[in-house]
Amino acid sequence: MPNRTPLTRFLIEAERAGQITPELRLLIEVVARACKSIANEVRKGALGGVLGDAGTGNVQGEAQKKLDVLSNEILLEANAWGGHLAGIASEELDEPHAIPDAYPKGNFLLLFDPLDGSSNIDVNVSVGTIFSVLRCPDGASPPTTRDFLQPGRTQVAAGYTVYGPSTVLVLTVGFGTHCFTLDRDTGSFILTRRDIRIPADTAEYAINSSNARHWDAPARRYIGELEAGSTGPRGRDFNMRWVASMVADVHRIISRGGIFLYPADAKCRDKGGRLRLMYEANPMALLIEQAGGAASTGSQRLLEVQPTGLHQRVPVVLGSKNEVAEYERCVAEATARRASG
Ligand code: AHG
Ligand code: MN
Ligand code: MN
């Protein structure tokens, strides 16, 4: 087939253009290969015996599904021996994973959410993998948790896959956001959208409304105005979509625009929010910004947040930039009102 650009070719061209090093190219190839293995496992469903609970819990006190554990193992195994990594951190591991002594060490740190959207596994709804790549600070061998605690703007690459009707990989190395679709016949990820641009305006929003009674004033006001539609101050109607797999909700926004919100509410404020900064919010924020969108905590650019913990949680608002700005305005006005008594 003419004019097909497989991921391998895309990465070699990025290397020739000076956008990535050979080591980063290898790293991304290995992550993509691991994701193909995960896609195969997901696809087997009940026939592969991969559904259901693992009977264990992770550091965040969440029950692990069999596919959470399996996906984590696939990613760890694939990345341990390539020589491109100094360390690995995962949603499913309390502490960073050391590269075994037997293997050479590289200059990068890889962080991932091996299986995002666990609650959807058993009901055959899209799930995915999210990853982030950081540079390992000089001399950090082996790297400690502190070496991973870098703000999102320092990411050298970020991406996610969605295991849906088709398997897609969305990637940035800091030069735009690009989408690849897995060709199951050849086993290659093929470039299907280069340089994605998210429309600045949207009529679609994503939030778990069952938390409405826990929201603070800005979220209540912002969502209230969207719900009022053409009868409210926004003067037009909005539609709501919530998959409950962040990868799928973000992929919809990457594909056609929208705004995604998981604010800190009374239920999760003590923890800082619901979603994890280092391997959920940061990689998505870089992908969204590289596609012309915005990503915020409500009061700060997400990529500027200084992490204090590997599994730290954070409020997340991202997507079409004029809507993110509207939400930030609600937050700023509420803060100003509080300050003036
Ligand atoms: P994970 O499956 O990795 O724990 O992440 C689930 C996250 C995210 O994918 C999704 O947006 C959110 O949890 C859904 O939260 P609710 O269950 O509160 O809707
Ligand atoms: Mn997740
Ligand atoms: Mn997960």
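Keep in mind that this is a model prediction, so the values were computed, not measured.

Student: Go over the packing of helix H1 (residues 7–16) against helix H2 (residues 22–44), please, and point to the residues and values.
Tutor: Two elements in contact, H1 and H2, have axes separated by 10 Å at closest approach and are oriented at 165°. Overall, the two elements H1 and H2 adopt an arrangement that is roughly antiparallel. Note on packing geometry: the crossing formed by H1 with H2 is right-handed. Listed contacts from H2 to Leu7, Thr8, Leu11, Ile12 and Glu15 of H1 are Pro22, Arg25, Ile28, Glu29 and Ala32.

Student: I'd like a description of the site of ligand 1, backed by residues and values.
Tutor: Close to ligand 1 lie 18 residues; Asp116, Gly117, Ser118, Met246 and Tyr262 are nearest. Within the side chain of Trp242, an N or O atom sits 3.1 Å from an oxygen atom of ligand 1. The separation between an oxygen atom of ligand 1 and a polar side-chain atom of Arg276 is 3.1 Å. Against a free-state accessible area of 470 Å², the protein chains account for coverage of 87% of ligand 1. Secondary structure elements with two or more residues in the shell around ligand 1: strand E5 (108–116), strand E13 (259–262) and strand E14 (275–276). Looking at the shell around ligand 1, the element that brings in the most residues is E5, giving three residues. The residue inventory of the shell around ligand 1, partitioned by class, reads seven nonpolar, four polar and seven charged. Counting contributing residues per domain, the shell around ligand 1 is built from domain 1 (7–193) and domain 2 (204–339), each supplying no fewer than three.

Student: I'd like a description of helix H8 (residues 321–339), backed by residues and values.
Tutor: Taking 1.5 Å of rise per residue, the 19 residues of H8 would be expected to cover 27 Å, and the 27 Å separating its terminal C-alpha atoms lies within 8% of that figure. Taken together, the buried positions of H8 are Glu323, Val324, Tyr327, Cys330, Val331 and Ala334. All buried residues of H8 project into a common sector of 115° when viewed along the axis, lining one side. In this fold, the buried residues of H8 make contact with helix H5 (217–228), E13, strand E15 (294–296) and strand E17 (316–319). Immediately downstream of H8, the backbone of Gly341 shows phi near 80°, a positive value.

Student: Now, about the nonpolar core: what can you tell me, with residues and values included?
Tutor: Where a protein is soluble and globular, its nonpolar side chains tend to be buried together. Membership of the largest hydrophobic core comes to 43 residues, with the highest contact counts inside it found for Leu24 and Val133. It is H2 that provides the largest number of residues to this core, a total of ten residues. Non-local contacts of Val133, meaning those with residues more than four positions away in its chain, are made with Leu24, Leu27, Phe108, Leu109, Leu110, Gln155, Val156 and Ala157. In terms of nonpolar packing, the next biggest core, distinct from the first, is built from 33 residues, Met246, Ile254, Phe260 and Ala295 among them.

The rules behind each value
Residues numbered from 1 in each chain as written. Chains lettered and ligands numbered in written order. Predicted model: local features only at pLDDT ≥ 70, side-chain atom pairs only at ≥ 80, totals over all residues. Heavy atoms only, no water. Axes fitted to C-alpha atoms, helices over the stretch in contact; angles between N-to-C directions. Helix = DSSP H or I, 4+ residues; strand = E, 2+ residues; numbered from the N terminus. Parallel < 35°, antiparallel > 145°, perpendicular 65-115°, else oblique. Left-handed = near helix turned anticlockwise from the far one by under 90°. Contact = heavy atoms within 4.5 Å. Near = heavy atom within 4 Å. Polar contact = N/O pair within 3.5 Å; in protein donor to acceptor, adjacent residues only side chain to side chain. Areas by Shrake-Rupley, 256 points an atom, 1.4 Å probe, with all protein chains shown as cover. Nonpolar A, V, L, I, M, F, W, Y, C, P; charged D, E, K, R; others polar. Domains from an automatic or database assignment. Expected span 1.5 Å × (residues − 1). Buried < 20%, exposed > 50% of the residue type's maximum accessible area, 1.4 Å probe, protein only. Arc of directions from axis to C-beta. Core = buried A, V, L, I, M, F, W, Y, C linked by side-chain atoms within 4.5 Å.

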